[in-house]
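Residue strings, one per chain:
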Amino acid sequence: MSVLKRRRGYLLSRDDVSNPAARQLESEGWALLPGAFTRDEVAALKAAVLHVFETVPADGRGPDPRAWPMFRYEMLNRSAECQRAVGQRAVLDAIEPLLGEDCHVIANTAWRNPPTSDGLHGGGHWHIDAGPHVPLPDGVEWPREIPHPVFAIGAHIYLEPCAVADGPTGVIPGSHLSGKPPPADRLLDDELTWNGRGVEPLLAAPGDVGLFVSDVWHRRLPTRAGDRGRLFLQVHYGRRDIAQRLRPSAEINQLTDAAIERATDERERTLAGLHPRFFYDG
């Protein structure tokens, strides 16, 4: 199992992890933590998230303006309740063995999808959040005897029930081992499989937490009659070596004004650390 601990600044392998969610995350690419948050914790977190939606304008990130109202970014900056939630011990116990005890939040976005909104944002097609971190050529499979590294993990903290009709997130178990993104000609294919395994919907009650490795193939599944929409707090955790993406690099960076002015073409800007927005930063 590719589980980690950091000693003297270095990541070392460890073999003493019994947490079943951590083991499932590594082997299957996903896990569900039932009842990770109490009813009172859910109520307080839901109120805090809705307060941000009501008081903070949409961030204006993403290619489709119709989807902007559904999201609020950098939530731990905007809510003490959200900041407490990202440190929920049940979640950390599942992800720290894979990312290290010094992993950190790289993105933190609240989702409020109204009913029948499944086609208005990019999460509705099969995708991976980053990577693949270990790309593999055609015909090559990850060796079973070598633990597969995990670099980032997404968490959905459910604040309302999420049933089949609501368009839950679906994952294809084991696909994080493929070393590939989903096939470009099957991004809306409900029958997509990897190694003979099809979609697993993450059905949840308030207080449950869905976890998935960033490399696993996943999407929001199509909604059905009776769709109530979705409300959850999304947290992406990354290894210490993965840069935070709470805010775009054009807004928050380590450059002087003079250095920014000298970076005139696209490659000069990315080389200096001024990257276009992508998945984690909208």
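Note that the coordinates shown come from a computational prediction; the quantities given were computed from them, not determined experimentally.

Novice: Which parts of the structure should I look at to understand the nonpolar core?
Specialist: As a rule of thumb, soluble globular proteins bury nonpolar side chains together. Grouped together as the largest cluster of nonpolar side chains are 38 residues, with contacts concentrated most on Val-49, Ile-95, Ile-157, Val-209, Leu-211, Leu-233 and Tyr-237. If you look at the next biggest cluster of nonpolar residues, it comprises 14 residues, including Trp-30, Met-70, Tyr-73 and Trp-111.

Novice: Just to check I follow, could you spell out the sheet that holds strand S8 (residues 200-201) for this structure?
Specialist: Two pairing modes exist for strands in a sheet, parallel and antiparallel, and in both the strands are linked by backbone hydrogen bonds. One open sheet holds the three strands; their spatial order is S8-S7-S10, and the pairing between them is antiparallel. Edge positions in the open sheet fall to S8 and strand S10 (218-220), since each of these has one partner strand only. Note that strand S7 (residues 169-171) and S8 share two bridges and pair antiparallel. Directly across from Gly-170, in S8, lies its bridge partner Pro-201.

Novice: Hey, could you run me through the pairing of strand S5 (residues 104-113) in this one?
Specialist: Burial of S5 is extensive: nine of the ten residues sit out of reach of the surface. Bridge count between strand S4 (residues 71-72) and S5: two bridges; the pairing is antiparallel. Bridge pairing links Arg-72 to Ala-110 in S5. Where S5 and strand S11 (residues 230-238) come together, nine bridges link them in antiparallel fashion. For Ala-110, the partnering residue across the bridge sits in S11 and is Leu-233.

Novice: I keep staring at the packing of aromatic side chains and nothing clicks. Help me out?
Specialist: Each aromatic ring pair is summarised here by two numbers: the centre-to-centre distance and the angle between the ring planes. Applying the stated rule across the entire model yields five aromatic pairs. Look at Phe-71 and Trp-111: their rings are 4.7 Å apart centre to centre, the planes differ by 85°, and that puts the pair in the edge-to-face class. Placement of the pair is Phe-71 in strand S4 and Trp-111 in strand S5, with a sequence separation of 40 residues. Just as Phe-71 is buried, Trp-111 falls in that class too. Joined through ring pairs, the aromatic side chains of Phe-71, Tyr-73, Trp-111, Tyr-158 and Phe-232 make up one cluster.

Novice: Whenever I open this one, the pattern of salt bridges confuses me. Can you help?
Specialist: Two side chains with opposite charge may pair up if their charged atoms get near one another. A full pass over the atoms with the stated rule returns 15 salt bridges. Across the pair Arg-78 and Asp-59 runs a salt bridge whose closest N-O atoms are separated by 2.8 Å. Of the two residues, Arg-78 is situated in helix H3 (residues 75-78) and Asp-59 in the loop between helix H2 (39-55) and S4; the sequence distance between them amounts to 19 residues. Taking the relative accessible area as the measure of exposure, Arg-78 reaches 28% and is therefore partly exposed. One salt bridge in this structure joins Arg-66 and Asp-64, with 2.8 Å as the shortest N-O distance. The class of Asp-64 is partly exposed, set by a relative accessible area of 21%.

Reading guide: rules and limits
Residues numbered from 1 in each chain as written. Predicted model: local features only at pLDDT ≥ 70, side-chain atom pairs only at ≥ 80, totals over all residues. Heavy atoms only, no water. Core = buried A, V, L, I, M, F, W, Y, C linked by side-chain atoms within 4.5 Å. Buried < 20%, exposed > 50% of the residue type's maximum accessible area, 1.4 Å probe, protein only. Pairing = 2+ DSSP bridges. Helix = DSSP H or I, 4+ residues; strand = E, 2+ residues; numbered from the N terminus. Phe/Tyr/Trp six-rings, centres within 6.5 Å; stacked < 30°, edge-to-face > 60°. Salt bridge = Lys/Arg side-chain N within 4 Å of Asp/Glu carboxyl O.

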